[in-house]
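Observations on the three-dimensional arrangement
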Amino acid sequence: MGKLGNLQKRMEKTLFFSSFYISLKNFLPIIVLSVFLQLFINIFLTPNSFFLTVFHLKFFAFLEPLNRLATFADISFRRLLMPLFAYFFSNQIENQKGINLPLIALSNFIVIWLFSNNQFLLQGSGQNLLPVSLIVFALTILMIKISNWHKASSISQRYLLSFCILIIACVFAITNIFSNFQFVNAGQWLNDNLISDLSTNFYGVALLTVCASLLLWMGLPLPSCLRQTSFSLPAAVNNLGASLDKKTSTIPNPLSLHTLYDSFAVFGGVSMSLALIIVLLIRSKNSQKKLAQISLIPSLLNNNQILNFGLPFFLNPLLLIPAILAPLSGILLSGLALKLNLINPAVYQLPKNTPNIFTAFLSSNGDWRTILLVLLILGISVLIYLPFVNRLLKGAKNENN
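Residues numbered from 1 in each chain as written. Predicted model: local features only at pLDDT ≥ 70, side-chain atom pairs only at ≥ 80, totals over all residues. Heavy atoms only, no water.

Okay, the overall build of the protein chain next. Counting secondary structure elements, the protein chain contains 20 helices and zero strands. A burial count over the protein chain gives 50% of its 401 residues as buried. Considering only residue pairs separated by 6 or more positions, the protein chain has 75% of its internal contacts joining residues 24 or more positions apart. For the protein chain, the exposed surface amounts to about 19400 Å²; the carbon and sulfur share of it is 65%. (Helix = DSSP H or I, 4+ residues; strand = E, 2+ residues; numbered from the N terminus. Buried < 20%, exposed > 50% of the residue type's maximum accessible area, 1.4 Å probe, protein only. Contact = heavy atoms within 4.5 Å. Areas by Shrake-Rupley, 256 points an atom, 1.4 Å probe, with all protein chains shown as cover.)

Set out below in structure tokens:
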């Protein structure tokens, strides 16, 4: 743990990571707006949302136009997230270099927006933090070097403007040329080629659990089945079909992605974010505690973006090990409980946006024993995160002093 803390300190002294972490925190208010807009739509403006379904509330027809308008605003806002972060990140690099050239940050915004808007390379823009950061860092450093070629400011500005126009024109041409081709990111490729095979056995699910935490930590796209509960996978469909006779003990895939990962490994979001929030609420003070309080409700509703940006979680060496071990503990304990027939497996389809802390109970047709197992896994996950968060908070306190 001491070596991880020292590694983090060395990383924060580099231009890339110091600018990266400051940009994440400065970008937090925009993420908060985006997250709560999504939650408002999912809770109140979606006909098959969890709360409307569970409490048998009627979705009024007059809300449909508002739903379409809010959904359009939400999608448009999310497409702007990575371009806006590119602007923040580029601007922070300039500040670290002691340079103030708004043209550089604006050019990076346009470049990333072109990639995101055409869904080329940066599909699902909210999950492409690492590639966006690498592209922006390389372009910003190159633009700074170009601006320093000549001491005469007018000449350097012309070189910089010409280069920016050239880069934007090239990206525009590339995205338009390939706009008719079908491209998939790494997360979508995994979703299409490996998820079905790996989701039907314990070892495959454990591997997917590790991959999910690792991809999230790196700021890379996650397969959709690892971000939200999916009942379309063959294992889930076969389990549901076999359970129609009310004999859940005879399902063909008792240890599958839904019975293990969806039900016991993602409380609060990928990497067991709810456990991390609980640790912050107990151990932290001031800004970290406020961050945990703001993140709590979205995390209970399966959205951990506020915590990931504000802590920050991405590429943080001290949080990688617990981010892998905490959900793995859920997989191991739930797999053992299912193997020993201590709990009923989760098989039934649930309403959209069901909080994942209730997944095991509701999807197993109300098996109260799953509640005890959820509390046990959550408690163990809190203990796993505790020493790493203590080290993280200690380092932040020493830095402030």
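Looking now at unusual backbone geometry. A cis geometry characterises the amide bond from L311 onward to P312, with omega recorded as -10°. Checked against the element boundaries, P312 lands in the loop between α17 (305–310) and α18 (317–339). In the Ramachandran plot, S271 falls in the positive-phi region, its phi being about 75° despite a non-glycine side chain. Summarising the element assignment, S271 is placed in the loop between α14 (257–264) and α15 (273–283).

Sequence positions flagged by UniProt for "transmembrane region" (unreviewed entry) are, in local numbering, residues 20–45, 98–116, 128–147, 159–178, 198–218, 264–282, 313–338 and 368–388. Within residues 20–45, the helical portion is 92% and the strand portion 0%, while the C-alpha atoms at the span's ends are 35 Å from each other. For residues 198–218, helix accounts for 86% and strand for 0%, while the C-alpha atoms at its two ends are 22 Å apart. (UniProt positions renumbered as here; feature names shortened; annotations may be inferred.)

Here we take up the environment of A61. You can see A61 is positioned in the loop between α4 (50–54) and α5 (64–97). The class of A61 is exposed, set by a relative accessible area of 67%. Sequence-wise, A61 and P47 are 14 residues apart; in three dimensions their C-alpha atoms are separated by 9.5 Å.

Closest axis-to-axis distance for the helix α3 (residues 28–44)/α5 pair is 10 Å, and the angle between their directions is 160°. Here α3 is positioned roughly antiparallel relative to α5, judged by the angle of their axes. α3 and α5 meet at a crossing whose hand is left-handed. Each of I30, I31, L33, S34, L37, Q38 and I41 in α3 lies in contact with α5, whose residues at this interface are N67, A70, T71, A73, D74, F77, R78, L81, L84 and F88. Here the residues of the contact of α3 with α5 are counted per class, giving eleven nonpolar, four polar and two charged. (Axes fitted to C-alpha atoms, helices over the stretch in contact; angles between N-to-C directions. Parallel < 35°, antiparallel > 145°, perpendicular 65-115°, else oblique. Left-handed = near helix turned anticlockwise from the far one by under 90°. Nonpolar A, V, L, I, M, F, W, Y, C, P; charged D, E, K, R; others polar.)

Next up on the list: the pattern of salt bridges. Scanning the model with the defined rule gives two salt bridges in all. A salt bridge links R78 to D74; the shortest N-O distance between them is 2.7 Å. Of this pair, R78 and D74 both sit in helix α5, four residues apart, roughly one helical turn. With relative accessibility at 5%, the residue D74 sits in the buried group. For D367, the salt bridge goes to R369, with nearest N and O atoms at 3.0 Å. (Salt bridge = Lys/Arg side-chain N within 4 Å of Asp/Glu carboxyl O.)

Relative to the helices and strands, S263 resides in helix α14. Among the polar contacts made by the side chain of S263, one reaches the main-chain carbonyl oxygen of H258 at a distance of 2.7 Å. Discounting residues that sit within four places of it in the chain, S263 has contacts with H258, A346, N356, T359 and A360. (Polar contact = N/O pair within 3.5 Å; in protein donor to acceptor, adjacent residues only side chain to side chain.)

Time to look at the environment of P252. If you trace the backbone, P252 turns up in the loop between α13 (234–242) and α14. Taking the C-alpha atoms as reference, P252 lies 9.1 Å from T200; in sequence the two are 52 residues apart.

With that out of the way, let us pick up the nonpolar core. Residues F20, F85, Y261, F267, F309 and Y385 are the most contacted members of the largest nonpolar core, which totals 101 residues. Here this core gets ten residues from one element, more than from any other, and that element is helix α20 (residues 369–400). (Core = buried A, V, L, I, M, F, W, Y, C linked by side-chain atoms within 4.5 Å.)

Attention shifts here to the packing of aromatic side chains. Evaluated as defined, the whole model comprises 15 aromatic pairs. Aromatic side chains F16 and F89 sit 5.6 Å apart centroid to centroid with 90° between the ring planes, which places their arrangement in the edge-to-face category. With F16 in helix α2 (residues 15–26) and F89 in helix α5, this residue pair connects regions lying 73 residues apart in the sequence. Side by side, F16 and F89 carry an identical accessibility label, which is buried. Between F20 and F85, the ring centres sit 6.2 Å apart and the planes meet at 85°, which makes this aromatic pair edge-to-face. Of the two residues, F20 is situated in helix α2 and F85 in helix α5; the sequence distance between them amounts to 65 residues. On the accessibility criterion, F85 (0% relative accessible area) is buried. By the ring-pair criterion, three or more aromatic residues cluster together here, those being F16, F17, F20, Y21, F27, F85, F88, F89, F137, F309, F313 and F314. (Phe/Tyr/Trp six-rings, centres within 6.5 Å; stacked < 30°, edge-to-face > 60°.)

Let's shift gears to the packing of α2 against α5. Where α2 meets α5, the axes come as close as 9 Å, and the angle between the chain directions of the two elements is 130°. Classified by the interaxial angle, the pair formed by α2 and α5 is oblique. Between α2 and α5 the crossing geometry is right-handed. On α5, the residues that touch L15, F16, S18, S19, F20, I22, S23, L24 and N26 of α2 are F85, F88, F89, Q92, I93, Q96 and K97. Its residues placed into classes, the contact of α2 with α5 shows nine nonpolar, six polar and one charged.

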